[in-house]
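Per-entry structural report
One-letter residues, chain by chain:
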Amino acid sequence: MPALNKIAFFASLITLTTLLSIFCKTETKTSAEQVKADFDRQLTEFQSIIDQKLFKAAQNQNEKAIKQSFLLARAKYKELEYYIEYFFPSTAVMLNGAPIDEIELGENLIENPTGFQVMEEIIYESPTKENRLELLNEVKKMQLNLQRVSRFNAQYQLTDAQLFDAIRLEIFRITSLGITGFDTPNALQSIPETAAALNGIEGVLEKYEGKVTDQTISSAITYLDKNSDFNTFNRLTFITQYLDPISKKINAVRLKKNITTAASGSALRDEAVNMFEPNAFNVNKFVGNSTLFISDAKIALGKTLFNDPVLSNGGNRSCTSCHHQAKAFTDGLVKPTGIKTGETLLRNTPTLSYAGLQRGFFYDLKAGTLEDQALDVVHHKQEMNGSLTQAAERINASKSYQTLFQKAYQDKTGKADPWKIQHALASYIRSLSPFSSRFDRYMQGDQKQLSTDEKQGFNLFMGKAKCGSCHFAPLFNGTPAPLFNKSEAEVLGVPATPDTIKPQLDSDLGRYALYNYPQYKHAFKTSTLRNITKTAPYMHNGVYKTLEEVMDFYNRGGGAGMGIKVDNQTLSADKLNLSKTEIKQIIAFLGALEDLP
């Protein structure tokens, strides 16, 4: 009996221990599981605001309640933005995408915009029966989209690496888009909404650190609360003294917890802590063919080809004929000269500086890669009148080129072919992104690099002047952070001449000449503003000789603001009301974007 009792005792003990271990395993959630559960709870709160407040206010056409509940809903969205943008990017577009039609060229499909930005346009215009019915319809769409998020989230299993990548990218999104008013141009709530986004990030860190005693995020929120005016907000101070320390904190917690980096969808290096740090970008993420990465040998070969007239059949034209290094790879002409005497090309020569860090090429975005661009230029009858096949034959007769091709492509034959020529040229152009300006040095810690006017110019650029809502930092082109996965075109209503008394719209149809969509009439790629002090004249048609003229054009509200009929202008036609001093300060900042040796 004692033996049997002993056996029974141990059996009971094992059973109890097993049950306890199962129970504890069930009840103890990982940090990632806690974040997911917290998101579910907050998503329910978000849905309740939409269902119980915004929907009812829209139903009752209570204007005060509509605005109040709309701003409340947007703030809650911002708190969840890091999560929704990362795990539900397609739905994020439907919740808070730009209020412009999305055109899928391959499928001949037009997606009408929906979400908060569409609602904002409706809410902040004079109420009518029609637009309030439209608002109600938009709210219903959002209800369905939030239900979709809830269903999909139940199936997800998150990793620590993904969550840390999500909050890292959210800091970059705030830097480039959030504080510029990009997605709240009418309500101008970007400052308080940034505080909401930081609350969301802090909630994630608390799941990994416990109750956070560090004041990094709370100090940033306090700064936002005390400096909430959109036009006067000091964005340069906020980025360098508040957002950068938060980025470093996120990385420090990740390293402390031995969490690996995620294979991010961003074009930044997976381990980049700051968008402005040296070598923040992974240029290979902009390469069309992922098996052919950039290398020093390819850059050297591409530079040689770039300067050699061997690519043109006449032997009298090279890439440098139109792209002069001293002018940031432009030519200083209104429009470049063609091969035939007296002939000019259609559009102003674009800079090749930072051209490798974008997703579309030429003013009309007709090329998807730099390799495609090289093909088009070489074969263009007016530009180089060449043939890559014939150029390869000429190149293969050169022993010096044979050595360069052998080294670049690890090919014993050293033979050139059209694709290798294209890729080598593209590799060289991708190398033309030094990030060596005084602005870059300032953002990397050298506080002596910018003058008072240049600092104020940056704040105006990113705020009151709304330049940063189209020319996105840190590239200052139309390729937005944090993913850098698309390049945008805008309709500005650029005039044919500098005349501001009786301006006439330039006749160039832009993207519309390639793709017959009304939305594309007079649409042109948003080019980089880096090195802009070297690239005059400006605009696709070279209409403006000075930056002062360019700023006057924008200050007037573009073509539509000047009185030109441009029904599809994407630039706001509202005047910016910038003073002469403010314009001078913005131009001073633009000068700080000039690369130094």
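This text goes with the structure placed above it.
Right, let's walk through the structure included here. Bear in mind that the values here come from a model prediction, so they are computed numbers and not experimental data.

Moving on, we come to the overall build of the chain. Summing up its helical and strand segments, the chain has 20 helices and four strands in all. Its C-alpha atoms give the chain a radius of gyration of 28 Å, within 12% of the compact-globule value 25 Å for 597 residues. Taking the principal axes of its C-alpha atoms as reference, the chain extends roughly 110 × 70 × 50 Å. In the chain, buried positions account for 51% of the 597 residues. Summed over all atoms, the accessible surface of the chain reaches about 27400 Å², with 52% contributed by carbon and sulfur. Side-chain charges of the chain comprise 67 positive and 65 negative groups, with the mean position of each set lying 3 Å from the other.

Let's shift gears to the environment of D364. The topology assignment puts D364 in the loop between α11 (296-306) and α12 (370-379). The buried category is assigned to D364, whose relative accessible area is 5%. Sequence separation between D364 and A328 is 36 residues; the distance between their C-alpha atoms is 21 Å. Those residues within four positions of D364 in sequence are excluded, and the remaining contacts are R347, G510, R511 and L514.

There is a patch of like negative charges on the surface, built from E102, E104, E107 and E111. By the element assignment, E111 lies in strand β2 (residues 109-111). Residue classification places E111 among the partly exposed positions, given a relative accessible area of 42%.

Here the focus is helix α5 (residues 116-123). Within an α-helix, residues lying three or four positions from one another point in the same direction, as the helix has 3.6 residues per turn. The element α5 is extensively covered by neighbouring structure, given that seven of its eight residues are classed as buried. Among all positions of α5, only F116, Q117, V118, M119, E120, I122 and I123 are buried. Where α5 is buried, its residues touch α2 (31-60), α3 (63-87), α4 (89-96) and α6 (129-153).

Counted according to the given criterion, the structure contains 29 salt bridges. As a salt-bridge pair, E277 and R269 come within 2.8 Å of each other at their nearest N and O atoms. Note that D411 is salt-bridged to K420, the shortest N-O span being 2.8 Å. The class of K420 is buried, set by a relative accessible area of 14%.

Conventions adopted
Residues numbered from 1 in each chain as written. Predicted model: local features only at pLDDT ≥ 70, side-chain atom pairs only at ≥ 80, totals over all residues. Heavy atoms only, no water. Helix = DSSP H or I, 4+ residues; strand = E, 2+ residues; numbered from the N terminus. Rg over C-alpha atoms; globule rule 2.2 N^0.38 Å. Buried < 20%, exposed > 50% of the residue type's maximum accessible area, 1.4 Å probe, protein only. Areas by Shrake-Rupley, 256 points an atom, 1.4 Å probe, with all protein chains shown as cover. Lys, Arg positive; Asp, Glu negative; His and termini not counted. Charge placed at Lys NZ, Arg CZ, Asp CG, Glu CD. Contact = heavy atoms within 4.5 Å. Patch = residues over 30% accessible without salt bridge, like charges linked within 9 Å, V, L, I, M, F, W, Y side chains within 5 Å. Salt bridge = Lys/Arg side-chain N within 4 Å of Asp/Glu carboxyl O.

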